[in-house]
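Letter by letter, the chains look like this.
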Amino acid sequence: MIIREIKNTDFSVLRKLFLKERQHTFSWLDPSEFKLDDFEKHIKGELVLVAIHEEIPVGFISIWMPNKFIHHFYVDQNYQGKGVGTLLLNAAIQETLLPITLKCLEQNTKAVAFYRQKGFVEKERGPSEHGGYILFELLESSN
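Residues numbered from 1 in each chain as written. Predicted model: local features only at pLDDT ≥ 70, side-chain atom pairs only at ≥ 80, totals over all residues. Heavy atoms only, no water.

Student: Give a detailed account of unusual backbone geometry, specifying residues and quantitative values.
Tutor: With an omega of 0 degrees, the peptide bond between L98 and P99 qualifies as cis. Mapped onto the fold, P99 is located in the loop between α3 (84–96) and β5 (100–105). One non-glycine residue, E54, lies in positive phi territory at about 50 degrees. Position of E54 among the secondary structure elements: in the loop between β2 (47–53) and β3 (56–64). (Helix = DSSP H or I, 4+ residues; strand = E, 2+ residues; numbered from the N terminus.)

Student: Which residues make up the packing of aromatic side chains, and what values do they have?
Tutor: A complete count under the given rule lists 14 aromatic pairs for this structure. Between F73 and F114, the aromatic rings sit 5.9 Å apart at their centres with planes inclined by 75 degrees, giving edge-to-face as the arrangement. In this pair, F73 sits in strand β4 (residues 69–75) while F114 sits in helix α4 (residues 109–117), placing the two residues 41 residues apart along the sequence. For the ring pair F120 and F136, a centre distance of 6.4 Å and an interplane angle of 75 degrees mean the geometry is edge-to-face. (Phe/Tyr/Trp six-rings, centres within 6.5 Å; stacked < 30°, edge-to-face > 60°.)

Student: A description of the pairing of β2 should follow, citing residues and the corresponding values.
Tutor: The two faces of the sheet receive side chains in turn, since in a regular strand these alternate between them. Most of β2 is tucked away: 6 of the 7 residues are buried. Bridge count for strand β1 (residues 2–5) against β2 is 4 bridges, and the pairing is antiparallel. Within β2, the position partnered with E5 by the bridge is L49. Two strands pair when backbone bridges link them, and β2 and β3 are joined in this way by 7 bridges, in the antiparallel orientation. The partner of V48 across the bridge, within β3, is S62. Counting the residues between successive antiparallel strands, the hairpin from β2 to β3 contains 2 residues, one of them, E54, with a positive phi of roughly 50 degrees. (Buried < 20%, exposed > 50% of the residue type's maximum accessible area, 1.4 Å probe, protein only. Pairing = 2+ DSSP bridges.)

Student: Residue-level account of the sheet that holds β5, with values.
Tutor: Strands pair in a sheet through their backbones, by hydrogen bonds, and they do so in one of two ways: parallel or antiparallel. The mixed open sheet is built from 7 strands, whose spatial order is β1-β2-β3-β4-β5-β7-β6. The open sheet is flanked by β1 and β6 (121–126), the only strands paired with a single partner. Strand-to-strand twist across the sheet, computed as the mean angle between neighbouring axes with direction ignored, equals 30 degrees. Pairing analysis gives 6 bridges linking β3 to β4, with the strands arranged antiparallel. Each residue of the ladder has a partner; that of I63, found in β4, is I70. Packed on one face of the sheet, helix α1 (residues 11–25) meets β2, β3 and β4 and runs near 80 degrees to β3. (Axes fitted to C-alpha atoms, helices over the stretch in contact; angles between N-to-C directions. Contact = heavy atoms within 4.5 Å.)

Student: Before we move on, could you go through the nonpolar core and cite the residues and values that matter?
Tutor: The biggest cluster of nonpolar side chains holds 25 residues, and the ones touching the most others in it are I70 and F120. For this core, the leading source of residues is α3, giving 6 residues. Beyond its immediate stretch of four places on either side in the chain, I70 contacts I61, S62, I63, L89, I100, T101, L102 and F120. Listed in part, the 18 residues of the second largest apolar core include L17, F26, V48 and Y133. (Core = buried A, V, L, I, M, F, W, Y, C linked by side-chain atoms within 4.5 Å.)

Spelled out as structure tokens, the structure:
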């Protein structure tokens, strides 16, 4: 597995991955809210690190660098539970240094558990248009 910055050749695969994983992850939302062309809009101006397996993108993490904020973090369902998310998170930490923050919808219980396991602590909770969210912060790396 290689983690590197996004390249133009990654966009086609990542567009589809972004759409598919959002529709699967946020199953309580209307899937028509998500569009194939959302990817470019959502990552604009962000540092995007991509997990590559056998020359194919299988996940990515996007970071808004001015605030060291993880904006998007998705791994293809077929590669979840295999360490890809940990590799992406560690690469993001290397790029940003700590602390780093992110928001996660409360109903995304799999992600909430992952972040807690990685040492993220809850800073606050609040409402959003898609349900309650948790603002997490990572102050030190637990790997």
